[in-house]
Each structure stands twice: as C-alpha cells, then as structure tokens.
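Structural overview for review
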Amino acid sequence: MSRLAQGAKYRGSVRDFPNFDPSQDAETLYNAMKGFGSDKEAILELITSRSNRQRQEICQSYKSLYGKDLIADLKYELTGKFERLIVGLMRPPAYGDAKEIKDAISGIGTDEKCLIEILASRTNEQIHQLVAAYKDAYERDLEADITGDTSGHFRKMLVVLLQGTREEDDVVSEDLVQQDVQDLYEAGELKWGTDEAQFIYILGNRSKQHLRLVFDEYLKTTGKPIEASIRGELSGDFEKLMLAVVKCIRSTAEYFAERLFKAMKGLGTRDNTLIRIMVSRSELDMLDIREIFRTKYEKSLYSMIKNDTSGEYKKALLKLCGGDDDAAGQFFPEAAQVAYQMWELSAVARVELKGTVHPAGDFNPDADAKALRKAMKGLGTDEDTIIDIITHRSNAQRQQIRQTFKSHFGRDLMADLKSELSGDLARLILGLMMPPAHYDAKQLKKAMEGAGTDEKALIEILATRTNAEIQAINEAYKEDYHKSLEDALSSDTSGHFKRILISLATGNREEGGEDRERAREDAQVAAEILEIADTTSGDKSSLETRFMMILCTRSYPHLRRVFQEFVKMTNYDVEHTIKKEMSGDVRDVFVAIVQSVKNKPLFFADKLYKSMKGAGTDEKTLTRIMVSRSEIDLLNIRREFIEKYDKSLHQAIESPFSCFLKAILLNHNLQTTKFTCFKGMSQ
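What counts, and where the lines are drawn
Residues numbered from 1 in each chain as written. Predicted model: local features only at pLDDT ≥ 70, side-chain atom pairs only at ≥ 80, totals over all residues. Heavy atoms only, no water. UniProt positions renumbered as here; feature names shortened; annotations may be inferred. Helix = DSSP H or I, 4+ residues; strand = E, 2+ residues; numbered from the N terminus. Buried < 20%, exposed > 50% of the residue type's maximum accessible area, 1.4 Å probe, protein only. Contact = heavy atoms within 4.5 Å. Areas by Shrake-Rupley, 256 points an atom, 1.4 Å probe, with all protein chains shown as cover. Core = buried A, V, L, I, M, F, W, Y, C linked by side-chain atoms within 4.5 Å. Patch = residues over 30% accessible without salt bridge, like charges linked within 9 Å, V, L, I, M, F, W, Y side chains within 5 Å. Salt bridge = Lys/Arg side-chain N within 4 Å of Asp/Glu carboxyl O. Lys, Arg positive; Asp, Glu negative; His and termini not counted. Charge placed at Lys NZ, Arg CZ, Asp CG, Glu CD. Phe/Tyr/Trp six-rings, centres within 6.5 Å; stacked < 30°, edge-to-face > 60°. Lys NZ or Arg CZ within 6 Å of the ring centre and 35° of its normal. Polar contact = N/O pair within 3.5 Å; in protein donor to acceptor, adjacent residues only side chain to side chain. pLDDT = per-residue confidence, 0-100. Axes fitted to C-alpha atoms, helices over the stretch in contact; angles between N-to-C directions. Parallel < 35°, antiparallel > 145°, perpendicular 65-115°, else oblique. Nonpolar A, V, L, I, M, F, W, Y, C, P; charged D, E, K, R; others polar.

The name given to the chain in an unreviewed UniProt entry is Annexin, and the organism recorded there is Muntiacus reevesi. Under the UniProt heading Function (unreviewed entry), the entry covering the chain gives this text: "May associate with CD21. May regulate the release of Ca(2+) from intracellular stores." Entered under Sequence similarities (unreviewed entry) in the UniProt record, the comment concerning the chain runs "Belongs to the annexin family."

Following this line, the structure appears as structure tokens:
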C-alpha cells in the first residue's frame, strides 16, 4: 500500500486484505487457471481484493509453488481489456507507469496524452521510482527515449518534470510569489510573443503550495485565471501539458475525475485511459476522485462505469471503484467534508466579472448616426457597417446614437433597422439596440405570449438578475406594455411556480453578507422540506413558504453559507437533492437559483451548451444570453464554457447564424469570420 504522510487519511479504494495468505491465494489462482478454460470470476475477485504489495507476494509464492510466472499465466488465460486490467494490477505501480510510457512512445506515433497524464500528476518520489523501473525493465534511459520521441517546448517541460525536483517546502515566500506572478505576466500577456522558458521554470519547479498562491495572486493581478493565459499564449501539446500541470497543482483528484469522465463520455470508451487511471489511483485517491466526479458531473463514477462497460471487465472496474454513490447528491462522510472545504474555498474566491463589449474610445454619436443612415439609404443595405458600429459601442452609447439619429433625421433608428434587416440578424441587432431592462421585459413578454408559456426563459431571467436589474425590468415592463409584470406573471402561471416567480420579480433579495447562525437555521429548513432531516419543526406548508423565502430573498453570500451548512449537516448537496426530491417547474426554478448562487457564469455556460446540443440550435436562448450578458460577464462565461466542455464557445456555435454571433459578441474579426462561415456553407 502507498506510504501515507503522517496523520493523513487513507483515500484509496483498495486496502490490504485481512488474514492474508499468499500461498493460499497462489493456489486459488492456479486452480482457477488449471484445465480447460479459466474461472475469471475467481481471478478478478481475488486480485481486486488484494493490495499491490500483497499481489507481489502472491507472485513470489506462485513461482515458489509452481515454478511458473503468474503474470505470464494470466496473459495466456485472459484476453482483451479484462486481461490488460488484471495484468496492470499485478505490476508494481512504478513498473506499471514505465510500461504505459514505453507503449506511448513505441511504434509509429506518440500517445502524448498518456505522457502528459503520468508526468504531470506524479510526485517527486513516484517520478524517481518510475525512472528506475524503466531502466530496470527495458535497460534504457527514460529521459533519452522521451527526448528522442518529442520536440520543442513540450519536450523541454517533460524533461523538467522527469527530474522529479519540484520543491516540497511548505513555507512560502510572499515576495517570491509576487515575483513569479510578475514574471509569468511579463512572459505572456505583456510580451510580444511568449517567453516559454519562464512558464517551464516556474510551473516545473515550484512547490504545489507556492503555485496555488501564485495562481490566486495572478487572478487578482491580471483579472484572469492562469489557465486563460496559458490557452492564449501557448499551443499544441505544450499547452495541453501546462494545463494538466496547473490542474494537478490545484487538485490531482479533480484532474483524474475529468480524465475519467472524458474517457467514457460520448460514443465509445477510451479503455486504455480508463484502465490506467483506475489501476494507478486505486490505492491513492480513488475516494476523492469519486466524490469530485459525482459533484462535478451529477452522476457517480460507479454508475458511469456500469453503463459504459460489460462482462468481467466491468465487474473488475467496479471493484476498483470501491462503491456506488449514485444516489444523486448523496455524500459518504469523508467526501462531505471535502465538498465542505471546496465551498469554503469558493466562498473566499472573488472573480472580477467582465463583458466582451466595451465603450468605444473617441466616441462620436453624430458620425455614427450619419454612417448608419448612409448604410440604410438607397438600394440595398450595408450590413457590415451596421454590425461594425453597433457591436463596437456599449449599450449606453447606442442610446446616444438613437437620440442623435432622431435629432438629425427625424426618424426612429429602431424602425429603420427593423425595415432594413431580417431574420436572426435583425433580432440580434435590435436586441443590442434596446436598453437592457427593456430587452429583458420584451423577452418576458414573449415568453408569456400566445399558446403556451416559455417557462425556461422566465426562470433564466428572473432567477439571475440583481435587485437593481429586476426593478428596472418592472419599470420597463409597465412603460412598454401598460401592465405590471406581477399581474402578467399571475395571469400566465399558477401554483407554487407562480409564487416563486412573483417573489423573484419583486427584487427584494437581501444584499448583505452571511449570518452563520441564521444560515444553520436556514439549512435546517432546507433539510426538512427536502425530507432528509432527522426531525421536523413545522408543518409542510409553512416549511415550503420558508424554503421559498430563503432561496428568493437571502443574499448570495448568505446562501453560499447555507449550502455549506446543508452539506455539513446532512452529507447531501442541496442542488442534487432538489433535483431528486422535486419535479417540474418548481424544481427547475429552485435549481436555477442554486446554480446562479454557486457560479452564475457557469449557469449561463451550461444554458448555452444545451441550446446548441443535439439536432438544431435554440437560437432564441442563444441570442438572449449573448445579448444580455455581453457587457456583464460574457468573458467569464466563455472561460467557464471552455473549462467544462473542453472547447471554446466560438467553436461550439455552428449554425449559419454563428457568423454574426462570432463576429459580434466573441470579439472575432467580422470579415474573416463571415468568409469562413459562408465558405463552409457553400461546400
């Protein structure tokens, strides 16, 4: 079993088997492989129930008793993925890593992802053992082999990691942290080109504790996470390696949870990755990986393996997983504390919100009004000029242009744009021209018009806007439609859903900080209404009203503390519990509130992803979010999108409408984007 730091809890899923007898186990395995066929069930049951140290003793006993090599016999008797998994478990960890790297650089091509995963995630001690094991197993020098099979900055960083010389001192110098932040900033963001050597030296040698503080200070200093700078400044396998290093510095368990999810999502399974991680982490941090996996992906690792694999291979993987956490939101006790600590960290994190559309410098509303008039005068319309002006002005500047246009030409700019443009482009440009509150009011009105109600649009707007934004929406709705928003919601919705929406539409959310004692009381109410509390302190109707009041009126900082206390009190996550215990529109609006409180940019990133997922695109949702968030937090949404879905928002937008969206709201060059889009459409 792996050596633990003093006082550390064991977080693996495979432990030493009690009353272990290597000779008896060797005999059991021999009998399982004797004669015609083999007893695969007996083999997997025994090998997955022993620690790696015990498996090495079994190998020795097997050779002593039968004069045969156990691994060779297992290879002969078993086949396919099951054989690779069982044989992988039989190797000492360092020799397992050595075999994976040897396979990654042998033959035609290189498995860079395997190299990155192993070398970015291992400790100094594990790296030293790996280098020695490689030399022993293959009589070759690992550094020389990797140097011969890779190139450029990617090779340089791999060589640095292979030294296993990362600092391990827990004492961190604040001055050195500040110096490293400045050096990284100057090497990337402030430099024409990139000084890759600085990134390699700092990320390849500094201690984990030191780098975590560097990442925090980098965000405060530059307004962007280090990952965003790496994506912007580096490229190819070198970029992927550096991102993996950063992820492992932040949380090795989260890095592997993400690798496992990607290995199984979509069509097909990346079995080599799945086997390698399940084998290598089973005695290190599998419990942490399981907890983070379920928290991040809303399903247990166990259930995903169960649905994605089959036969003895599946049974062996599930044994290594060590347990099923698939009851949505349910935490086993140790993991609840990990989740609680994650909430503690998120509560102190402060991320500056940034849009992608900014006020134009040297703004001249007179010149803009004249240019727009010229673009719409005569035959045809100069759409490029319209797009260029409107998308490079802030909303406040657009309102000045409207006033100037009317003063100069006695015409309504909105009416002229409406008559000259059509389809998706018209909806987008007209949306950008409206003041934000009037735009939201219009979206709410459209959601309640005609047959049926667009509950998702109502939820998205009312669950995410600030008090000031809600108040402005109420005024705009009354001005534009001569009816109060509350009356409109009352007429078009019903029951608890109506009560929740009306409560949100009053814009009376508290704006102070947290109250820990009150947060514990609120968490108790949540536990009782969600039926997971040990005792109940009131009738259900009263509890429902209190729960609604808590989610609709408490401040965001206070609610974050409530969610922390809920985890601490119940070992459950409030969002997952709402999904499990509630249904319909009430569930959806409560989940939206919780997600918005946890991470609003991520909430919108998820909405954007779902609007483009599957056949066709939900253009209304896509446009509404892009327009309404363009000056608030669209840059943050873009960062959350690429972090969660492993592709940029720009890459994800694929409809013909994307030509305008990419150019208008993602800060891409209009002519280049239009050429690329329409060229692709014509092929």
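1. A closer look at the overall build of the chain
Within the chain, the regular secondary structure consists of 41 helices and 0 strands. In the chain, which comprises 683 residues, the share counted as buried stands at 50%. Put simply, of all contacts in the chain between residues at least 6 apart along the chain, 72% involve residues at least 24 apart. Accessible surface, the chain as shown: approximately 31,600 Å² in total, 48% of it carbon and sulfur.

2. So, the nonpolar core
Core analysis: the biggest nonpolar cluster contains 92 residues, and Leu74, Ile101, Leu119, Leu203, Met278 and Leu301 have the highest contact counts within it. Here this core gets 9 residues from one element, more than from any other, and that element is helix α15 (residues 236-250). In contact with leucine 203, not counting residues within four places along its chain, are Met157, Arg166, Leu211, Phe215, Ile230, Met242, Val245 and Val246. By size, the runner-up hydrophobic cluster in this structure holds 69 residues, among which are Leu485, Leu530, Leu559 and Met612.

3. Details of a positive patch on the surface
On the surface, Lys113, Lys240, Lys265, Arg270 and Lys647 cluster together into a patch of positive charge. Among the residues examined, lysine 647 registers a relative accessible area of 33% and is labelled partly exposed.

4. Details of the packing of aromatic side chains
Throughout the structure, instances matching the rule amount to 16 aromatic pairs. Above the face of the tyrosine 138 ring, lysine 102 is positioned so that its terminal group lies 5.5 Å from the ring centre. The ring of tyrosine 481 has lysine 445 sitting right over it, with the charged end atom 5.4 Å from the ring centre.

5. Let's talk about the side chain of histidine 438
Topologically, histidine 438 is positioned in helix α27 (residues 436-448). Residue class for histidine 438 comes out buried when judged on its relative accessible area of 18%. A polar atom in the side chain of histidine 438 sits 2.7 Å from the side chain of aspartate 480. Among residues more than four places away in sequence, those in contact with histidine 438 are Ala476, Glu479 and Asp480.

6. Observations regarding the confidence of the model for the chain
Across the chain, the average pLDDT comes to 88, with 88% of residues at 70 or higher. Counting interchain partners and residues more than four positions distant, the pLDDT-below-50 stretch residues 667-683 has 20 contacts.

7. A short note on the pattern of salt bridges
One pass over the structure, following the stated rule, counts 44 salt bridges. A single network of salt bridges, built from pairs that share partners, joins Lys247, Glu254, Glu258, Lys262 and Lys296.

8. So, the packing of helix α34 (residues 556-570) against helix α36 (residues 584-612)
The interhelical angle for the contact between α34 and α36, taken along N-to-C directions, is 110°, at an axis separation of 10 Å. Overall, the two elements α34 and α36 adopt an arrangement that is roughly perpendicular. Facing α34, whose interface residues are Tyr556, Leu559, Arg560 and Phe563, α36 presents Val594, Ser596, Val597, Lys598 and Lys600. The class makeup of the residues in the contact of α34 with α36 is 5 nonpolar, 1 polar and 3 charged.

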